Amino acid sequence: MNRREAIALLSEFSANQFLNPNLVLLEKREPDRYRLQIRGDYNRQSIVACLRKKHLSSEMSNDYLIVFKP
């Protein structure tokens, strides 16, 4: 996803109270491709349902929820 999509997604999650992050990283993977790494409290079921509608994926790594476009 591009930077604008990642920021909009993070804002949507916060507005819908799907997460209470301790740390959010916006990691640049390729030119104009980013992924979100979120550490903290979050409602995984709500986030995954939202991601399916937007054709995005998630995975768990260490203590982080990672959101990306496949």
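Everything below is about the structure shown above.
Residues numbered from 1 in each chain as written. Predicted model: local features only at pLDDT ≥ 70, side-chain atom pairs only at ≥ 80, totals over all residues. Heavy atoms only, no water.

### Quick word on the packing of aromatic side chains
Right, so step 1: Under the criterion given, the structure shown has one aromatic pair.
Right, so step 2: Here Phe 13 and Phe 18 contribute two aromatic rings whose centre-to-centre distance is 6.1 Å and whose plane-to-plane angle is 50°, an arrangement assigned as tilted.
Right, so step 3: It is Arg 3 that lies over the ring of Tyr 34; its NZ or CZ is 6.0 Å from the centre. (Phe/Tyr/Trp six-rings, centres within 6.5 Å; stacked < 30°, edge-to-face > 60°. Lys NZ or Arg CZ within 6 Å of the ring centre and 35° of its normal.)

### A short note on the pairing of strand β4 (residues 64–68)
Right, so step 1: Most of β4 is tucked away, with four of its five residues classed as buried.
Right, so step 2: Across three bridges, the pairing between strand β2 (residues 33–42) and β4 is antiparallel. Considered in β4, the bridge of Gln 37 is made with Ile 66.
Right, so step 3: Note that strand β3 (residues 57–61) and β4 share five bridges and pair antiparallel. Residue pairing for β4: Ser 57 is matched across the bridge by Phe 68.
Right, so step 4: Taking the residues that link successive antiparallel strands as the turn, the β3-β4 hairpin has two residues, and the phi of Asn 62 there is positive, at about 55°. (Buried < 20%, exposed > 50% of the residue type's maximum accessible area, 1.4 Å probe, protein only. Helix = DSSP H or I, 4+ residues; strand = E, 2+ residues; numbered from the N terminus. Pairing = 2+ DSSP bridges.)

### Some points on the nonpolar core
Right, so step 1: Counting residues in each nonpolar core, the largest one holds 15 residues, and the members touching the most others are Leu 9, Phe 13, Ile 47, Leu 51 and Val 67.
Right, so step 2: Of all the secondary structure elements, the ones that give two or more residues to this core are α1 (3–15), β2, α2 (44–53) and β4.
Right, so step 3: In terms of residue count, the dominant contributor to this core is α1 (four residues).
Right, so step 4: The contacts of Phe 13, once residues within four sequence positions are left out, are Phe 18, Leu 19, Ile 47, Cys 50 and Leu 51. (Core = buried A, V, L, I, M, F, W, Y, C linked by side-chain atoms within 4.5 Å. Contact = heavy atoms within 4.5 Å.)

Honestly, that's just the spatial picture; any functional story needs more than this.
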